[in-house]
Number of protein chains: 2
Amino acid sequence: MPPILSSLHAVHPLISRLYAKPLFLSFTNLSHSSLSLREFSLPRQSFPVKVRTLSSIASAAQSPSENGSGGGRSGALSAPPPVLEEAVQKIDVNPPKGTRDFPPEEMRLRNWLFHNFREVSRLYGFEEVDFPVLESEALFIRKAGEEIRDQLYCFEDRGNRRVALRPELTPSLARLVIQKGKSVPLPLKWFAVGQCWRYERMTRGRRREHYQWNMDIIGVPEVTAEAELISSIVTFFKRIGITASDVGFKVSSRKVLQEVLKCYSISENLFGKVCIIIDKIEKIPIDEIKKELKSVGMSEEAVEELLQVLSIKSLTKLEEILGGAGEAVADLKQLFSLAENFGYSEWIQFDASVVRGLAYYTGIVFEGFDREGKLRAICGGGRYDRLLSTFGGDDLPACGFGFGDAVIVELLKEKGLLPELSLQVENIVCALDPDLQGAASTVATILREKGQTVDLVLENKPLKWVFKRAGRINAQRLILVGNTEWQKGMVGVKILSSGEQYEVKLDELE
Amino acid sequence: MPPILSSLHAVHPLISRLYAKPLFLSFTNLSHSSLSLREFSLPRQSFPVKVRTLSSIASAAQSPSENGSGGGRSGALSAPPPVLEEAVQKIDVNPPKGTRDFPPEEMRLRNWLFHNFREVSRLYGFEEVDFPVLESEALFIRKAGEEIRDQLYCFEDRGNRRVALRPELTPSLARLVIQKGKSVPLPLKWFAVGQCWRYERMTRGRRREHYQWNMDIIGVPEVTAEAELISSIVTFFKRIGITASDVGFKVSSRKVLQEVLKCYSISENLFGKVCIIIDKIEKIPIDEIKKELKSVGMSEEAVEELLQVLSIKSLTKLEEILGGAGEAVADLKQLFSLAENFGYSEWIQFDASVVRGLAYYTGIVFEGFDREGKLRAICGGGRYDRLLSTFGGDDLPACGFGFGDAVIVELLKEKGLLPELSLQVENIVCALDPDLQGAASTVATILREKGQTVDLVLENKPLKWVFKRAGRINAQRLILVGNTEWQKGMVGVKILSSGEQYEVKLDELE
């Protein structure tokens, strides 16, 4: 071992091991040639053979045209590789309609978004959960005529089970809560970031596959739970730069509808269906809405009264109509009062027309919207105290929300708030000679063991290429492994922001 | 505003806002009653009505039995909630066979594992990518008789497209690389952590749905790329406490087989099929293997020679048989040489029987195994230089690996290395009076804005319950919001590890 390197022995086992094997001393004896690693690393000779060697068979079997170099096996180095398929069909290089690839730049954005979902959930003391993407179809089939049912990606699996790609996360959550039963102490505060599918016409911020952030509170009957959930979404918006002048929440309660329907002695069984019809108010003509409401058994008078109530945008006005004694008004008043305490009053407004498109909501419902009115709902949620019993479980008070990953990105684009995210690698390590590739690997290992990120250049490339790559990956330092320095147990370092350049001993490389 | 509180004005807008509205002054005037928020927050009166109110309709419509309290709307407070479904069927509370729920404790483990996957990938300068879970079926249909094809979750979507839940990530990666074409500078170093499906018999550490960590290098023809990949897996093992005495890598090259087949003039088209047959060597009887090999056109002699070569466990022996001039031996020698430099020689061993079960590998192949031989392969990978052209793209040198999330967990269990992961929440905030729930919300908001995690108690619960919950969520501090303290602009703090207890001004709460 060269004296200068023996002091490194204590530093890193790799360094000492390098010099313990004669094989790796070779670089000190070689000039700066362009020999490949393969050429210098081991002598190219056949070892004595006991059996007939395959190479002799090869020579005999190969035709002259297959072996242009005239005998032996050297031709094998350029032999055509095996063809895996008989017929090559050009595939569609795009992902299936409505789905997405996430190349690095898209993935950085997704990770940034999910990181914020998770950080906010963590601030609120929620625990992360997940469920299978492929669920039993029965979990999602409700009889209320929801849009979601017609959009189900469902099929029969090889075991003849009807399964579906989940269109939402809440039914799976309900299933898990029933399964856990009394083994989990309430309340549960759970969140999930999961992929969901719906087969539908695509519009801006709406694909067939998307991710959804859910937060749910199981076991709290009071509106404090809904208030906490809206607070967490507000915290999320603030974190990513969205203000109360960009978005707001429309808030109402399904109990408003329930009280209206009760007045007209309309069967409670129709409740879910009526909600689903009303949710379409902004999407289909009002006459169509009226027709649908009548078709489920509402009188002309009830329909008119209902539509009048739904147009109310003020809690005071609602109280005038419904009276102050019902749960709907009391819940909403408590929610608006808590909003003051949480500090997000300016974000929320009462709007009786909000009912949400899922059948299972029973109380407060809310949705986040962009104030410019350009986009679909950003998020939505509410109370669903009766969902568990629809699956045969014991009901528990529950509420939650879903927040998709698509509309929010559209909004961030609109507002010029998309973050600039780029790859950041601390070091790019490069061997100046092909025969120093092994040494460069050692340097990379040492840095990585210190927690430093390293892009190791894996081929023999000109320095110009290396600098270009360093720029593209935003490397902070270029570590050059050259023969002269390596013989002294040193490497060259170039700080790429300043251009500063120096040599450093391997054991002093931090 | 009480003088003691006016000093808080500068501290936080929420605190000042609390006192700006007469509504929220009420708590200073109220005695420590148990009035609910709803009762004190707004006067309970109906505002003058312009139209016939719904409550009057309700009174008329309700039968006495429905409205036991004798008129008015107070009965609505206990009215039965709507039933969403006509018939309640008890659903299966378990996830579909072969899939998993991730309740919090399982999710913490998954997050820990994925975090390590990501951190290692980042150390190696790889960028994260992802692809659709639902891909075109054509992407996974190869003609080599792979196990993976028969296990495909495939179906026809509502647009009559043949789609499949991805059984692996590599074909999607290849598709994206072809799509990006020359717009991305090589080499690409990409990683992904994605969910995959295969319909198969379940065994230990093998489910129908699993997650897979992939790292791939596109554009590097040299074995330096494979060496880098194995290095990253070794780094991962070390991070989670797995040593070279727990696991190892069996390494070979498909070129070994290729050279043998070439000697016997066996068509290159059969290469993939032969590999798939050989991959089953440890799973089905040897006579069956021989029969299958003969059925694709190999002579008795070729089969015997092939099986002899496959039994080789030493690189020196391999060189004796194949001669030293071929690519197989040269590649493997270079890889073992680089392993020395990277520092993981003790982790790898040559084993000619390793071919891997995917048709597309063309060069180095490797798999991670537990040395006790109890489990299936932990991970596996190799070079696939010809995959892109099977999709109609221009070939690029490429290699990568897949590392599942199931077998590794089994191994960690075996070795007693599963980490203890528990929920950690910094604060639990609790109102001592129901009418201080709003105040507690304010305290929670202030702490969260400072980046502190807070579990806010959302119901009026006895202190005993609160302490129990605090213990379960590993809260560090209990913040108590009581009337006497709150009037002084203070809250009570109890450090739960030491029992230390003190009062602190809201603006001094860190």
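- Within an unreviewed UniProt entry, the label attached to chain A reads histidine--tRNA ligase, and the organism entered is Jatropha curcas.

## A word on the overall build of chain A
Then, in step 1: A count of helices and strands for chain A gives 20 helices and 16 strands.
Then, in step 2: Out of the 510 residues in chain A, the part that is buried amounts to 61%.
Then, in step 3: Nonlocal contacts in chain A, meaning residues at least 24 apart in sequence, comprise 67% of its contacts between residues at least 6 apart.
Then, in step 4: A total accessible area of about 19,400 Å² is found for chain A, and carbon and sulfur atoms account for 51% of it.

## Structural notes on the sheet that holds strand β16 (residues 501-505) of chain B
Residues and elements named next belong to chain B.
Then, in step 1: Pairing within the open sheet is mixed, and its five strands lie in the order β13-β12-β14-β15-β16. Each edge of the sheet is formed by a strand with only one pairing partner; in this case those strands are β13 (454-456) and β16. Each strand of the sheet is rotated relative to its neighbour by a mean of 25°, with strand direction disregarded.
Then, in step 2: With four bridges joining them, strand β14 (residues 477-481) and strand β15 (residues 490-495) adopt antiparallel strand pairing. Bridge pairing in β15 places Ile479 opposite Val493.

## Looking at the UniProt feature "binding site: L-histidine" (unreviewed entry) in chain A
Residues and elements named next belong to chain A.
Then, in step 1: As annotated by UniProt and renumbered to match this structure, "binding site: L-histidine" (unreviewed entry) occupies Glu168, Leu169, Thr170, Arg198, Gln212, Asp216, Arg356, Tyr360 and Tyr361.
Then, in step 2: Within the secondary structure, Arg198 sits in the loop between β5 (188-197) and β6 (209-218).
Then, in step 3: Those residues in contact with Arg198 that lie beyond four places of it in its chain are Gln151, Tyr153, Arg206, Arg207, Arg208 and His210.
Then, in step 4: Inspection of the secondary structure puts Tyr361 in the loop between β8 (348-350) and β9 (364-370).
Then, in step 5: The class of Tyr361 is buried, set by a relative accessible area of 5%.
Then, in step 6: Not counting the four nearest positions on each side in its chain, Tyr361 is found in contact with Arg254, Phe271, Val355, Arg356, Gly380, Gly381, Gly382, Arg383 and Tyr384.

## What to know about a nonpolar patch on the surface
All names here are of chain A.
Then, in step 1: Side chains of Leu432, Leu463 and Phe467 sit close together on the surface and give an oily, nonpolar patch of about 230 Å² of accessible area.
Then, in step 2: Mapping Leu432 onto the fold places it in the loop between β12 (427-431) and α18 (437-449).
Then, in step 3: Classification of Leu432 as partly exposed rests on a relative accessible area of 38%.

## Structural notes on the pairing of β14 of chain B
Residues and elements named next belong to chain B.
Then, in step 1: Of all five residues that make up β14, five are buried, and the element is covered over most of its length.
Then, in step 2: Here β14 shows no split at all, with Arg477, Ile479 and Val481 on one side and Leu478 and Leu480 on the other all buried.
Then, in step 3: Relative to β14, strand β12 (residues 427-431) runs parallel, the two being bridged by five bridges. What sits directly across from Val429, in β14, is Ile479.

## Re the packing of aromatic side chains
Then, in step 1: Scanning the model with the defined rule gives 39 aromatic pairs over all chains in all.
Then, in step 2: Residues Phe237 of chain A and Phe403 of chain A carry aromatic rings whose centres are separated by 5.7 Å and whose planes lie at 50° to one another, so their mutual orientation is tilted. With Phe237 of chain A in helix α9 (residues 224-239) and Phe403 of chain A in strand β11 (residues 398-404), the pair connects residues that are 166 residues apart, well separated along the chain. Per residue, the accessibility class of Phe237 of chain A equals that of Phe403 of chain A, and both read buried.
Then, in step 3: Ring centres 5.6 Å apart and planes at 55° place the aromatic pair Trp213 of chain B and Phe403 of chain B in the tilted group. On the criterion of sequence distance, the pair formed by Trp213 of chain B in strand β6 (residues 209-218) and Phe403 of chain B in strand β11 (residues 398-404) is long-range, its members being 190 residues apart.

## Examining the environment of Val443 of chain B
Residues and elements named next belong to chain B.
Then, in step 1: By the element assignment, Val443 lies in helix α18 (residues 437-449).
Then, in step 2: Each C-alpha atom, one on Val443 and one on Glu500, is 20 Å from the other, the two residues being 57 residues apart in sequence.
Then, in step 3: Ignoring anything within four residues of it in the chain, the contact list for Val443 reads Val429, Ile479, Val481, Trp486, Val491, Leu506 and Leu509.

## Section: helix α17 (residues 407-414) of chain B
Residues and elements named next belong to chain B.
Then, in step 1: Of all the eight residues making up α17, six are buried; the element is thus mostly covered by neighbouring parts of the structure.
Then, in step 2: Residues Val407, Ile408, Val409, Glu410, Leu411 and Leu412 constitute the buried set of α17.
Then, in step 3: On its buried face, α17 is in contact with α6 (104-123), α9 (224-239), β7 (247-253), β9 (364-370) and β11.
Then, in step 4: Directly after α17, the chain includes Gly416, whose backbone phi takes a positive value near 65°.

## As for the domain arrangement of chain A
Then, in step 1: Along its sequence, chain A is organised into domain 1 (104-415) and domain 2 (425-508).
Then, in step 2: In this structure, domain 1 of chain A and domain 2 of chain A have C-alpha centres spaced 53 Å apart.

## Side note on the pattern of salt bridges
Then, in step 1: Scanning all chains against the criterion turns up 73 salt bridges over all chains.
Then, in step 2: Between Arg118 of chain A and Glu128 of chain A there is a salt bridge whose closest N-O contact spans 2.9 Å. On the criterion of sequence distance, the pair formed by Arg118 of chain A in helix α6 (residues 104-123) and Glu128 of chain A in strand β1 (residues 127-128) is long-range, its members being ten residues apart.
Then, in step 3: According to the relative accessible area criterion, Glu128 of chain A is buried, its value standing at 8%.
Then, in step 4: Here Glu414 of chain B and Lys374 of chain B are joined by a salt bridge, their closest N and O atoms 3.0 Å apart. Pair noted here: Glu414 of chain B is in helix α17 and Lys374 of chain B is in the loop between β9 and β10 (379-383), with a separation of 40 residues, a long-range link.
Then, in step 5: Residue Glu414 of chain B is classed as partly exposed on the basis of its relative accessible area, which comes to 32%.

## Looking at the sheet that holds strand β15 (residues 490-495) of chain A
Residues and elements named next belong to chain A.
Then, in step 1: An order of β13-β12-β14-β15-β16 is seen for the five strands of this open sheet, with the pairing classed as mixed. With one partner strand each, in any of the chains shown, β13 (454-456) and β16 (501-505) form the two edges of the open sheet. Strand-to-strand twist in this sheet, taken as the mean axis angle between neighbours without regard to direction, amounts to 25°.
Then, in step 2: In the packing of helix α19 (residues 463-472) onto the sheet, contacts are made with β12, β13, β14 (477-481) and β15, and the angle to β12 comes to roughly 165°.

## Considerations on the pairing of β11 of chain B
Residues and elements named next belong to chain B.
Then, in step 1: In terms of residue burial, β11 counts as a mostly covered element, since seven of its seven residues are buried.
Then, in step 2: Of the two faces of β11, both are covered, the one formed by Ala398, Gly400, Gly402 and Gly404 as well as the one formed by Cys399, Phe401 and Phe403.
Then, in step 3: Alignment of β6 against β11, held across seven bridges, turns out to be antiparallel. Paired with Met215 across the two strands is Phe401, which belongs to β11.
Then, in step 4: Two strands pair when backbone bridges link them, and β10 and β11 are joined in this way by five bridges, in the antiparallel orientation. Note that in β11 the partner of Gly381 across the bridge is Phe401.

So, how was this worked out
Residues numbered from 1 in each chain as written. Chains lettered and ligands numbered in written order. Predicted model: local features only at pLDDT ≥ 70, side-chain atom pairs only at ≥ 80, totals over all residues. Heavy atoms only, no water. Helix = DSSP H or I, 4+ residues; strand = E, 2+ residues; numbered from the N terminus. Buried < 20%, exposed > 50% of the residue type's maximum accessible area, 1.4 Å probe, protein only. Contact = heavy atoms within 4.5 Å. Areas by Shrake-Rupley, 256 points an atom, 1.4 Å probe, with all protein chains shown as cover. Pairing = 2+ DSSP bridges. Axes fitted to C-alpha atoms, helices over the stretch in contact; angles between N-to-C directions. UniProt positions renumbered as here; feature names shortened; annotations may be inferred. Patch = residues over 30% accessible without salt bridge, like charges linked within 9 Å, V, L, I, M, F, W, Y side chains within 5 Å. Salt bridge = Lys/Arg side-chain N within 4 Å of Asp/Glu carboxyl O. Phe/Tyr/Trp six-rings, centres within 6.5 Å; stacked < 30°, edge-to-face > 60°. Domains from an automatic or database assignment.

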